[in-house]
Amino acid sequence: MYPILALVNGILLAIMVSINGELSKQYGVFSASILIHIAGTASASLCLLKKGKKPLWTHHPKWIYLGGAIGVCTTVFQCIAAESMSITSVVALGLLGQTIASLFIDKLGLLGMKKRPFPQSALISLCLSVLGIFMMLDDENAVVAIGIACAAGISVVLSRTINAYLAEKTGALQGALINHLIGLPITILLAAATVKWSDLVQRAPLSGTSQPWIYFGGVLGVGVVMLFNIIVPKLSSFLLTSLVFIAQIFTGIILDSMQGLSCSDASLYGGLVIAFGVVVYMAADRINPCKRTKASGKCGRNKTD
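Computed from a prediction, not measured in an experiment: that's the story for all the values here.

Trainee: Lay out the overall build of the chain in plain terms, naming residues and giving numbers.
Mentor: If you tally the helices and strands in the chain, you get 12 helices and 0 strands. Helices and strands in the chain line up, N terminus first, as α-α-α-α-α-α-α-α-α-α-α-α. The buried share among the 305 residues of the chain stands at 50%.

Trainee: Could you give an account of the packing of helix H2 (residues 29-44) against helix H7 (residues 172-194), with specific residues and numbers?
Mentor: Relative orientation of the contacting elements H2 and H7 amounts to 155°, with a least axis distance of 8 Å. Taken together, the axes of H2 and H7 are roughly antiparallel relative to one another. The interaxial crossing formed by H2 with H7 has left-handed handedness. Residues Phe30, Ser31, Ser33, Ile34, His37, Ile38, Gly40, Thr41 and Ala44 of H2 form the contact with H7, whose own contacting residues are Leu173, Ala176, Leu177, His180, Leu181, Gly183, Leu184, Thr187, Ile188, Leu190, Ala191 and Thr194.

Trainee: Account for the nonpolar core, with residues named and values stated.
Mentor: Counting 31 residues, the largest nonpolar core has Ala6, Phe228, Leu235, Leu240 and Ile274 as its most contacted members. Listing elements by their share of this core, those giving two or more residues are helix H1 (2-27), helix H4 (87-108), helix H5 (120-136), helix H6 (142-170), helix H9 (217-231), helix H10 (237-258) and helix H11 (265-285). Top contributing element to this core by residue count: H10, with 8 residues. The contact partners of Phe228, leaving out residues within four places of it in the chain, are Asn9, Leu13, Arg160, Ala164, Pro233, Leu240 and Val244. Cys47, Ile64, Ala176 and Val222 belong to the second largest nonpolar core, which has 13 residues in total.

Trainee: Report on empty space enclosed by the protein, specifying residues and quantitative values.
Mentor: Under the counting rule described, the total for this entry stands at 3 cavities of 30 Å³ or more. A volume near 360 Å³ is recorded for the largest cavity. Around the largest cavity sit 25 residues that line it, and Met16, Gly71, Thr74, Thr75 and Val225 are the ones nearest its centre. When residues of the lining of the largest cavity are traced back to their parent elements, those giving at least two are H1, H2, helix H3 (67-84), H6, H7 and H9. For the lining of the largest cavity, the leading source of residues is H9, giving 7 residues. Residue composition of the lining of the largest cavity, grouped by class: 8 nonpolar, 16 polar and 1 charged.

About the thresholds
- Residues numbered from 1 in each chain as written.
- Predicted model: local features only at pLDDT ≥ 70, side-chain atom pairs only at ≥ 80, totals over all residues.
- Heavy atoms only, no water.
- Helix = DSSP H or I, 4+ residues; strand = E, 2+ residues; numbered from the N terminus.
- Buried < 20%, exposed > 50% of the residue type's maximum accessible area, 1.4 Å probe, protein only.
- Axes fitted to C-alpha atoms, helices over the stretch in contact; angles between N-to-C directions.
- Parallel < 35°, antiparallel > 145°, perpendicular 65-115°, else oblique.
- Left-handed = near helix turned anticlockwise from the far one by under 90°.
- Contact = heavy atoms within 4.5 Å.
- Core = buried A, V, L, I, M, F, W, Y, C linked by side-chain atoms within 4.5 Å.
- 1 Å grid on protein atoms, 1.4 Å probe; cavity = no way out; pocket = protein on both sides within 12 Å on 5 of 7 lines; lining within 4 Å.
- Points joined across faces, edges and corners; volume = space filled by probe spheres on them.
- Nonpolar A, V, L, I, M, F, W, Y, C, P; charged D, E, K, R; others polar.

Listed below in structure tokens is the structure:
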């Protein structure tokens with residue numbers, strides 16, 4: 001079930017990146033980030049209506065509240081990238097940073113996650129993933145964007161891992177609310193420091209002329225955070241990254257086609273190579289000894305509180 005949820009989340013992420021990119025074109029990166037976080041905070045606030053909800057701000061260690069701040073970096077980087085390249089390119093280039101961060105988290109057991117061995121099947125999958133990435137790097141913007149894309153990918157993994165740790169203590173929806181509550185004031189400060197009010201007014205759409213769907217990226221973001229809160233403790237960071245990427249890349253291809261943007265054969269073939277690597281990994285993972293000892297508690301989260 002969890003691999004399927006990871007694929008669903010990848011589809012939602014690709015749609016969210018596309019929507020946020022359109023909003024960024026309308027308002028600018030930082031102003032769009034404010035609107036994204038306002039929409040996310042409003043939708044996640046539904047958890048406040050729930051009876052018997054867990055406390056929000058009393059948990060330890062305190063670094064588990066940093067997911068929202070790191071998530072701001074993800075939103076800004078993705079908006080910047082989406083302004084100048086196709087959704088397929090944004091997703092493909094971001095995989096490199098996500099893969100690097102995922103391997104470190106799995107190997108070292110960072111951010112409260114358990115240490116996971118790196119079996120031969122994962123090595124094969126990694127090699128195929130790297131091959132697929134390089135197959136996709138044929139875009140003329142790739143060299144310029146790779147630094148931003150890597151940073152965005154790393155921030156994705158860090159944010160989702162920290163948010164999942166927090167959600168274990170607060171619940172998935174309340175964790176998503178905290179994520180947006182922390183991110184919102186940061187985006188406001190960034191916008192105040194970089195955007196002139198007159199420019200914002202000029203960018204604002206005239207009544208009745210805007211596309212209302214561009215304002216729903218923040219709502220999708222809540223769903224994405226909630227799903228990650230559920231999935232992260234159940235899958236290795238590397239496998240989760242790979243599954244989400246597969247769904248993102250092929251959804252991105254579809255979205256680009258719907259917008260009349262061409263998709264290179266390299267993106268398609270690269271995605272297929274990575275998908276094959278994930279299939280190899282999951283097939284071998286079915287006989288992973290960790291699963292046979294799960295009942296003994298050896299495969300749980302590190303107790304680093």
